[in-house]
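Observations on chain architecture
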Amino acid sequence: SGACACVAHISGLDVHVANVGDTRAVLGSLENDRWVAKPMSTDHNTSNPAEVERVRNSHPKVEGSFVLKNNRLLSQLIPLRAFGDVRYKWSLTELKSIVQIMDTPYARTIIPMNYYTPPYLIVTPEVRYHRLSSDDKFLVIASDGLWEQLSDERVVQLLGEFIEGKETNVHFKMSDPRMKLGQVNQVLKRRKIGLANKTSDVNAATHLIRHALGPEHTKVSELLTLPPE
């Protein structure tokens, strides 16, 4: 009935990220040979104090005890911004007409409790801007399922190591024939680290999903093939 979304628009070195809900975008940068995670969005849920304040200020103070309850909007919805989910947006009159037209047990549960001053849910995106530098290497956009299992820092570290491991799949070539011996040594040291990070995964998304589920392949395979009971 509803959906969150995160979109990135990249033009040259200019990056704009628009986010609605608890999806998230994180930029991976390599600074002084260390992987750094740079948030490119904020989550629209009760873990975000500014978002909580926005919701509370949008409704009368008398609704303060129930507008956000159990870390959910009207005790039901986790994201505080989303597409769809009109049962938190339309007027009470409109929702009652829908209930009347459908006339089913499900329809009678459409209207949330304490529904007085809609809309409670908005779809306005929050937009962030970033100017890319040579340190910036990749952008991860994912839904809450990933971020509930892995932190921003862990995701960037996993992908950074994945990239370093992939680089060892090709034979070593000096990027500049004028490189000094010390520079060659530094490159070879990085390749040695990359060999330790080599993985059977062929793309970055699969690599992240595997680690979100659990890095041990046999265990993940067993868990995903458990019978329904």
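Here goes a summary of the coordinates provided. Keep in mind it's a predicted model, so treat the numbers as computed, not measured. (Residues numbered from 1 in each chain as written. Predicted model: local features only at pLDDT ≥ 70, side-chain atom pairs only at ≥ 80, totals over all residues. Heavy atoms only, no water.)

It is worth spelling out the sheet that holds strand β3 (residues 14–20) at this point. Strand order in this open sheet of 3 strands is β2-β3-β9, and the pairing throughout is antiparallel. With partners counted over all chains shown, the strands left at the sheet margins are β2 (5–11) and β9 (126–131), one partner each. Between one strand axis and the next, the sheet turns by 15° as a mean value, whatever way the strands run. As paired elements, β3 and β9 share 6 bridges and run antiparallel to each other. Each bridged residue has a counterpart across the sheet, and for V17 the counterpart in β9 is R128. (Pairing = 2+ DSSP bridges. Helix = DSSP H or I, 4+ residues; strand = E, 2+ residues; numbered from the N terminus. Axes fitted to C-alpha atoms, helices over the stretch in contact; angles between N-to-C directions.)

In this sheet, strand β5 (residues 34–39) lies alongside strand β4 (residues 24–31) in antiparallel orientation, the contact comprising 6 bridges. Within the sheet, the bridge partner assigned to G28 lies in β5 and is A37. The loop that links β4 with its antiparallel partner β5 comprises 2 residues; one of these, N32, has a positive phi angle of about 55°.

The next thing to look at is unusual backbone geometry. Residue P119 is bonded to the preceding P118 through a cis peptide linkage, with omega at 5°. Relative to the assigned elements, P119 resides in the loop between α2 (92–102) and β9. At N70, a residue that is not glycine, the phi angle is positive and equals roughly 55°. The residue N70 is located in the loop between β6 (68–69) and β7 (72–73) in this model. Residue N70 is classed as exposed on the basis of its relative accessible area of 61%. One non-glycine residue, S75, lies in positive phi territory at about 65°. Within the fold, S75 resides in the loop between β7 and β8 (83–84). The exposure class of S75 is partly exposed, given its relative accessible area of 32%. (Buried < 20%, exposed > 50% of the residue type's maximum accessible area, 1.4 Å probe, protein only.)

Turning to the state of the cysteines, a few remarks are in order. Per the stated rule, a full pass over the model turns up 0 disulfides. In this structure C4 is a free cysteine whose sulfur lies 10 Å from that of C6, the closest cysteine sulfur available. You can call C4 partly exposed: its relative accessible area is 26%. (Disulfide = S-S within 2.5 Å.)

Here we take up helix α6 (residues 204–213). Turning to α6, its buried residues number three or more, namely H207, L208, R210, H211 and A212. Between the side-chain oxygen at the start of α6 and the backbone nitrogen of A205 there is a gap of 3.1 Å, and the oxygen is on N203. Positive backbone phi, approximately 135°, marks G214, located one or two places after α6. (Polar contact = N/O pair within 3.5 Å; in protein donor to acceptor, adjacent residues only side chain to side chain.)

This part is about the nonpolar core. Counting 18 residues, the largest nonpolar core has V55, L68, L73, L74, Y88, Y120 and L121 as its most contacted members. What Y120 contacts, discounting residues up to four positions off in sequence, is H59, E63, V67, L73, L74, Y88, N114 and Y115. With 15 residues, the next largest nonpolar core counts V140, L150, V156 and A212 among its residues. (Core = buried A, V, L, I, M, F, W, Y, C linked by side-chain atoms within 4.5 Å. Contact = heavy atoms within 4.5 Å.)

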